[in-house]
Amino acid sequence: MTTHQDTVARLWEFDPEGAQMKELDTFIGHSNTLRYVDFSPSEQRCVTACEDHSLRIWDMETAKGLYLLAGHHDFAVAADFLNENTLLSASWDQTINFWKIPS
């Protein structure tokens, strides 16, 4: 998965025979540059951290947003699933937030 300043995260698959990357899905919903992506332990969800000060939890199968996490006052620059229902995020606002995510 890649993040970009165009506000879209993209899921890719590598085709070894053609030595090419094939775009499988796009994850659209942020309004600024994406800084980070992490996958849940089950790989059923992912989180993106964004310069719009938010994080989003995505369903990997549908590429649909599940949750918008707002609470940072500056760029959200990192996020990490500690387990399926707990997330840690960091921001340029010099805070680290813990989030409980519904199953």
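The structure presented is a predicted model; accordingly, all values stated were derived computationally and were not measured.

Asker: Sorry, what's going on with the pairing of strand β9 (residues 96–100) here?
Answerer: Look at any regular strand and the pattern is simple: side chains alternate between the two faces of the sheet. By the alternation rule, side chains of β9 split into Asn97 and Trp99, which are all buried, and Ile96, Phe98 and Lys100, of which none is buried. From the end of strand β8 (residues 86–91) to the start of β9, which pair antiparallel, there are four residues, and glutamine 94 there has a positive phi angle of about 65°.

Asker: Explain the sheet that holds strand β4 (residues 45–50) to me, please; I cannot follow it from the model alone.
Answerer: Strand pairing within a sheet occurs via backbone hydrogen bonds; the two strands may be parallel or antiparallel. Strands sit in the order β3-β4-β5-β6 across an open sheet of four strands; the sheet is antiparallel. Edge positions in the open sheet fall to β3 (34–39) and β6 (65–70), since each of these has one partner strand only. Between one strand axis and the next, the sheet turns by 20° as a mean value, whatever way the strands run. Judged from the five bridges that link them, strand β5 (residues 54–59) and β6 form a sheet pairing that is antiparallel.

Asker: Explain the packing of aromatic side chains to me, please; I cannot follow it from the model alone.
Answerer: Between two aromatic rings, the relevant description is the distance of the centres plus the angle of the planes. Going through the model one piece at a time under the given rule, you end up with two aromatic pairs. Aromatic pair phenylalanine 27 and tryptophan 58: ring centres 5.6 Å apart, planes at 90°, arrangement edge-to-face. Within this pair, whereas phenylalanine 27 is found in strand β2 (residues 20–28), its partner tryptophan 58 is found in strand β5, the two being separated by 31 residues in sequence. Residue classification places phenylalanine 27 among the buried residues on the basis of a relative accessible area of 1%.

Asker: When you look at unusual backbone geometry in this model, what are you seeing that I'm missing?
Answerer: Trans peptide bonds make up most of the peptide bonds, and negative phi angles are found at most residues other than glycine. With phi around 50°, alanine 19 is a residue other than glycine that occupies positive phi space. Within the element layout of this structure, alanine 19 appears in the loop between β1 (8–15) and β2. Despite not being glycine, glutamine 94 has its phi angle at roughly 65°, a positive value. Inspection of the secondary structure assignment puts glutamine 94 in the loop between β8 and β9. The exposure class of glutamine 94 is exposed, given its relative accessible area of 75%.

Asker: Could you clarify how one ought to interpret the nonpolar core in this entry?
Answerer: Nonpolar side chains tend toward joint burial in soluble globular proteins. Counting 11 residues, the largest nonpolar core consists of Val47, Ala49, Leu55, Ile57, Leu69, Ala76, Ala79, Phe81, Leu87, Trp99 and Ile101. Those elements giving two or more residues to this core turn out to be β4, β5 and β7 (76–83). Looking at this core, the element that brings in the most residues is β7, giving three residues. Ala9, Cys50, Trp58 and Met60 belong to the second largest nonpolar core, which has 10 residues in total.

Asker: What is the right way to look at the pairing of β5 in this model?
Answerer: As paired strands, β4 and β5 are joined by five bridges and run antiparallel to one another. Counted as the bridge partner of arginine 45 is aspartate 59 from β5. Here β4 folds back onto β5 in antiparallel fashion, the turn holding three residues, of which histidine 53 has a positive phi close to 80°. Between the end of β5 and the start of β6, which pair antiparallel, lie five residues, with alanine 63 showing a positive phi angle near 65°.

Parameters at a glance
- Residues numbered from 1 in each chain as written.
- Predicted model: local features only at pLDDT ≥ 70, side-chain atom pairs only at ≥ 80, totals over all residues.
- Heavy atoms only, no water.
- Buried < 20%, exposed > 50% of the residue type's maximum accessible area, 1.4 Å probe, protein only.
- Helix = DSSP H or I, 4+ residues; strand = E, 2+ residues; numbered from the N terminus.
- Pairing = 2+ DSSP bridges.
- Axes fitted to C-alpha atoms, helices over the stretch in contact; angles between N-to-C directions.
- Phe/Tyr/Trp six-rings, centres within 6.5 Å; stacked < 30°, edge-to-face > 60°.
- Core = buried A, V, L, I, M, F, W, Y, C linked by side-chain atoms within 4.5 Å.

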